[in-house]
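Coordinate analysis (summary)
Listed below are the residues making up each chain.
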Amino acid sequence: MIDYLTHPKFLNYDPSVLPSSQGGGGGMGTKTHRVLEALRDVYPRTQGICDASEITADTVLIEPLRFTLPTEDYGECESVEKLIHGLRNHKSRKILYCSELTLMRMPHFLREQVVGLSDVVTANCKFQANVFKYVGVHTSHILCDPVPDVFLSRLRYRERKPRLVATGNVSWQKNAPQVTEVFKGLKGAVERVYVGSASLWYTALEEEGPQRLQEELYANTDRVVHEATTEQIAREFQNAQFGLWCAFHDTFATGAQEMMMSGMPVVASKHGLASELPVWSASGVRAQVEAIKRLANETDESLEAQSERISKWAVENVSYAAFQGQLKDVLRAVW
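This report concerns the structure included in the present document. Computed from a predicted model, the values in this text were never measured in an experiment.

Residues spaced three or four apart along an α-helix point in a common direction, a consequence of the helix completing one turn every 3.6 residues. Compared with an ideal rise of 1.5 Å per residue, which puts 19 residues at 27 Å, helix 12 (residues 300-318) spans 26 Å between its outermost C-alpha atoms and is within 8% of the ideal. Buried residues belonging to helix 12 abut strand 10 (240-245), helix 10 (254-261), strand 12 (280-281), helix 11 (285-296) and helix 13 (320-334).

Following this line, the structure appears as structure tokens:
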């Protein structure tokens with residue numbers, strides 16, 4: 001049996017409900033739900049927990065954000081000091097399952113304690129593992145953020161629309177200004193769709209910056225989907241021919257991985273993660289616009305072959321089955 005210890009904010013996220021109906025969205029709620037689903041496929045008694053005192057399994061996956069986000073609004077939770085003490089003294093095997101760059105943002109003394117109590121530290125991808133080395137954290141295994149099969153396309157590629165999709169919270173972290181400029185350069189070439197808004201992560205009504213970014217992006221978009229459930233996002237991806245990813249906030253880039261699962265060729269910035277993904281990597285607005293135009297002019301046969309290869313890569317590397325296989329390798333190392 002396995003317990004998944006994370007922050008209480010993420011445990012009740014429902015991907016079938018719009019983010020605005022449950023206090024906001026974001027990658028961590030989605031990740032938590034998917035990890036629990038993937039774990040329960042193999043270990044049906046898996047539970048999501050917030051405190052060391054709740055551990056009942058012999059193995060615990062630990063989310064580092066539990067040590068850095070405040071818990072005052074979520075009832076009685078163990079303090080960080082009590083949590084660390086409880087984990088250190090529990091006989092279970094502990095796997096530090098890292099998200100984004102949380103370890104990088106921790107104070108040195110806290111990072112040493114969290115890493116020190118873990119039997120193994122995993123990374124979502126090679127890029128993240130390399131970044132961790134700058135603070136002296138060495139990971140031994142890859143354990144991805146799993147992507148569900150709902151993103152696998154039911155359409156042949158040639159049945160899709162000549163459409164480009166980008167997604168995410170409209171913000172500087174997601175490089176919204178560059179998405180806007182790429183969209184401007186593609187006016188009339190393909191249909192431009194954006195899935196997301198400036199209030200996916202938090203209420204941005206009083207924040208002028210994100211709202212200005214959103215206004216300009218939306219003004220250069222043919223169709224906007226302000227928010228969507230997981231199934232709705234999957235349908236958007238499955239009906240589009242191309243994806244755009246140029247965020248510099250991401251380390252795992254769930255949106256890009258979902259696009260690839262759906263068999264969508266993705267044009268990406270030359271990000272550290274892009275080198276290990278089957279994407280079209282291009283630096284700068286002009287190069288990305290030209291890359292998308294070149295893709296749009298390829299034959300149906302060429303695009304279908306690309307789509308099949310990309311989807312196959314995603315199934316082998318970031319699906320629930322891939323996560324479960326990677327986890328087996330981790331468990332062999334700790335037991």
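That shown, we press on.
We now examine the packing of helix 10 against helix 12. Between two packed helices, the angle of one axis relative to the other and the distance separating the axes together describe the packing. For the pair helix 10 and helix 12, the least separation of the axes is 7 Å and the interaxial angle reads 125°. Here helix 10 is positioned oblique relative to helix 12, judged by the angle of their axes. The residues of helix 12 that touch helix 10, namely those facing Gln-257, Met-260 and Met-261, are Ile-310, Ser-311, Trp-313, Ala-314, Val-315 and Val-318. Here the contact of helix 10 with helix 12 is built from residues that sort into seven nonpolar, two polar and no charged.

A word on the sheet that holds strand 5 (residues 120-123). Paired through backbone hydrogen bonds, the strands of a sheet run either parallel or antiparallel to each other. Across the sheet, which stays open at both edges, the six strands sit in the order 2-1-3-4-5-6 with parallel pairing between neighbours. Of all the strands in the sheet, just strand 2 (47-49) and strand 6 (141-142) have a single pairing partner and so form its edges. In the sheet, strand 3 (residues 59-62) pairs with strand 4 (residues 93-97) via four bridges, with the strands oriented parallel. Residue Ile-62 lies in a different strand from strand 4, and its bridge partner there is Leu-96.

The N-to-C vectors of helix 12 and helix 13 enclose an angle of 35°; their axes lie 5 Å apart at closest approach. Here Val-315, Glu-316, Asn-317 and Val-318 of helix 12 lie close against helix 13, whose contacting residues are Tyr-320, Ala-322 and Gln-326.

All right, on to helix 3 (residues 80-89) then. Within helix 3, burial applies to Leu-83, Ile-84 and Leu-87. The buried residues of helix 3 all sit within an arc of 95° when viewed along its axis, so they share a single face. Exposed residues on helix 3 whose side chains face more than 90 degrees from its buried face are Glu-81, Lys-82, His-85 and Asn-89. At its buried positions, helix 3 is contacted by strand 1 (2-5), strand 3, strand 4 and helix 5 (108-116).

Counted under the stated rule, the structure contains one cavity of 30 Å³ or more. Estimates place the volume of the largest cavity at around 50 Å³. Surrounding the largest cavity, Gly-27, Thr-30, Lys-31, Arg-34, Asp-145, Pro-146, Val-147, Phe-252 and Thr-254 form its lining. The leading source of residues in the lining of the largest cavity is helix 2 (residues 27-42), at four residues.

In the structure shown here, the tally under the stated rule is 15 salt bridges. With a shortest N-O distance of 2.8 Å, Glu-258 and Arg-34 are connected by a salt bridge. You can see Glu-258 sitting in helix 10 and its partner Arg-34 sitting in helix 2, a full 224 residues away along the chain. Look at Glu-258 and you get buried, because its relative accessible area is 7%. Judged by its relative accessible area of 4%, Arg-34 falls in the buried class. Glu-304 is the partner of Arg-158 in a salt bridge, and the nearest nitrogen-oxygen pair spans 2.9 Å. Of the two residues, Arg-158 is situated in the loop between strand 6 and strand 7 (161-167) and Glu-304 in helix 12; the sequence distance between them amounts to 146 residues. Linked through salt bridges whose partners overlap, the residues forming this network are Arg-156, Arg-158, Glu-301 and Glu-304.

Reading the values: rules and limits
- Residues numbered from 1 in each chain as written.
- Predicted model: local features only at pLDDT ≥ 70, side-chain atom pairs only at ≥ 80, totals over all residues.
- Heavy atoms only, no water.
- Helix = DSSP H or I, 4+ residues; strand = E, 2+ residues; numbered from the N terminus.
- Expected span 1.5 Å × (residues − 1).
- Contact = heavy atoms within 4.5 Å.
- Axes fitted to C-alpha atoms, helices over the stretch in contact; angles between N-to-C directions.
- Parallel < 35°, antiparallel > 145°, perpendicular 65-115°, else oblique.
- Nonpolar A, V, L, I, M, F, W, Y, C, P; charged D, E, K, R; others polar.
- Pairing = 2+ DSSP bridges.
- Buried < 20%, exposed > 50% of the residue type's maximum accessible area, 1.4 Å probe, protein only.
- Arc of directions from axis to C-beta.
- 1 Å grid on protein atoms, 1.4 Å probe; cavity = no way out; pocket = protein on both sides within 12 Å on 5 of 7 lines; lining within 4 Å.
- Points joined across faces, edges and corners; volume = space filled by probe spheres on them.
- Salt bridge = Lys/Arg side-chain N within 4 Å of Asp/Glu carboxyl O.

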